[in-house]
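Understanding the architecture of this molecule
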Amino acid sequence: MTEHCDVLVIGAGPAGLAAACAAAAHGAKVVLVDMQPRAGGQVWRQDLRKPAVAAARAAFAELSARPDIRCLQQAQVVAARPGQILIEHAGTAMELHYRALVLATGARELLLPFPGWTLPGVTGAGALQALVKQGWPIAGKRVLVAGSGPLLLAAAATLHAHGAQVLAICEQAPAAQLRGFAMQLWRWPSKLIQAAGLRARLAGVPYRSGTWVRAASGDERVTEVEIESARGIERIACDHVAVGYGLVANTELAQQLGCELTVQDPHPHVRVDTRLMTSVADVYAAGEACGIGGVDTARIEGAMAGCFAAGADQEAEALRARRDHARAFAALLPRHFALRKQIHLAATPQTVVCRCEDVSLSQLQGHHDWRAAKLATRCGMGSCQGRICGAALAELRVFDSTRTASNAAHPTPVPPTPATTAHSARPPVFPTRLASLAGSFSSEGRAAEHDPAAQSKP
């Protein structure tokens, strides 16, 4: 199947919804593609028991009111090249041809290994929040939330609202850094109000700064977590441990299209110009794909990208001041929530770092680059395609030179650091059926790839 549109938007989170609606409002024929059954992305994921926030309800209502936006839900991106995206939708391969493309691919949670992190009951903070929204039974369960960043509060609030006993929120950043962050929130009143509201909903739940997870233990599932702070080491009985260290931009589709990336401490995001266009003509990016910025940034950049993609430059420029203000808030996060080296050193040589292929940290010893490690150990070759272990190893590399003598047994693998120049990743973007991959792309396009005479034709 083949379909043509003016503007194709990948991702139906806050950025993608804003981009699709903005482009359609300026006369473009829009197709919106998302892998979830409902729009909203991770941030606005449907909660089966609680109503959506007002901003999400407004965005969903606007989408429903626009018949000129074709929504393809539960659609998996298979492959991409400039001008075309191959997806799998309802068991069928479909080629989408576009005039302009908006990448609103969002982000995923950064998970870092520590002893016991593969036990059942140990999840990412955002992952447990998503599970609970979809009906995972959490009422009465003892949950410790730990890691770093403002998202811990949001995750804990969701768990608390669904009946979990949140034992504590353990933020690894020291109190001084948190005070410095809080003192600047007056510049963003909505953020200050949001933070105060979340904290009020969590009244009675201890919020412990300068505290981090060292290990989790249990026989068939987690029963105890070991934390460390200035008080020393403590062991807390629990049923669930939810640990998250922020977000990492999803850049795989951008890489396959050949878009340039930039690396920031040490994770990549898509490089865009002042018009939110990538290094590939007519391919725009918005939201977390351009660097972690939060829902407000995503909505503004999505609207800007949609306007630019539809040729409504003046309307897009009118949003620039708001976008710059939102990005200024995002710039505070890496400074005030920088991870301490104890977290990077938590994994022992026996700790599994690649959960898909059961590869321990010690098995990476002696490999000088990511390719060699993959060939020898299959690290990063499992069903998540290296999205978890790749990001973890990239994060761990930052402090390789600071490892102490007591941690000399730790290997220092070179993680998959993306180049800042154009790079084309191989398909599929996500695991898919062979039949869909075989359809990449049309027979005419495949013939041209293998026929020198066809390649020379205009």
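Above this text sits the structure in question.
Just so it is clear, the model here is predicted, and its values are computed rather than measured. (Residues numbered from 1 in each chain as written. Predicted model: local features only at pLDDT ≥ 70, side-chain atom pairs only at ≥ 80, totals over all residues. Heavy atoms only, no water.)

1. Overview of the pattern of salt bridges
What counts, and what does not: What counts as a salt bridge is simple: a side-chain nitrogen of Lys or Arg found within 4 Å of a carboxyl oxygen of Asp or Glu. For the exposure calls, accessible area comes from a 1.4 Å probe over protein chains only, and a residue counts as buried if that area is under 20% of its type's maximum, exposed if over 50%, partly exposed in between.
The final tally for this structure, using the stated rule, is 18 salt bridges. Among the salt bridges present, the one from Arg320 reaches Glu317, with a minimum N-O distance of 2.8 Å. On the accessibility criterion, Arg320 (18% relative accessible area) is buried. For Glu317, a relative accessible area of 38% corresponds to the partly exposed category. The network of salt bridges with common partners includes Arg214, Glu226, Glu228 and Arg235.

2. Points about the packing of aromatic side chains
Let me state the cut-off plainly: Only Phe, Tyr and Trp rings take part, Trp by its six-membered ring, and two of them pair if their centres are within 6.5 Å. Stacked means planes under 30 degrees apart, edge-to-face means over 60, and tilted covers everything else. By definition, any uninterrupted DSSP run of H or I lasting at least four residues is a helix, any uninterrupted run of E lasting at least two residues is a strand, and each is numbered from the N terminus.
For the structure shown, the criterion picks out four aromatic pairs. Arranged with centres 6.3 Å apart and planes meeting at 85°, the rings of Trp44 and Phe60 form a pair that is edge-to-face. Of the two residues, Trp44 is situated in the loop between strand 2 (30-33) and helix 2 (54-64) and Phe60 in helix 2; the sequence distance between them amounts to 16 residues. Every member of this aromatic cluster is reached through a ring pair, and the members are Phe181, Trp188, Phe329 and Phe337.

3. Observations regarding the packing of helix 3 (residues 125-133) against helix 4 (residues 151-161)
Quick note on the threshold: Each axis is a line fitted through C-alpha atoms, taken for helices only over the stretch in contact, and angles between the N-to-C directions span 0 to 180 degrees. Roughly parallel refers to an angle under 35 degrees, roughly antiparallel to one over 145, roughly perpendicular to one between 65 and 115, and oblique to any angle outside these ranges. The hand of a helix crossing depends on one turn: near helix anticlockwise from the far one by less than a right angle means left-handed, and clockwise means right-handed. In what follows, residue pairs with any heavy atoms lying within 4.5 Å of each other are defined as contacts. Think of it as three bins: nonpolar holds Ala, Val, Leu, Ile, Met, Phe, Trp, Tyr, Cys and Pro, charged holds Asp, Glu, Lys and Arg, and polar takes everything else, Gly as well.
At a minimum axis separation of 9 Å, helix 3 and helix 4 run at an interaxial angle of 30°. As summarised for this structure, helix 3 and helix 4 are arranged roughly parallel, according to the angle between their axes. Handedness of the crossing formed by helix 3 with helix 4: left-handed. Contact with helix 3, carried on its side by Ala125, Leu128, Gln129, Val132 and Lys133, involves Leu152, Ala154, Ala155, Thr158 and Leu159 of helix 4 and no other residues of that element. Here the contact of helix 3 with helix 4 is built from residues that sort into seven nonpolar, two polar and one charged.

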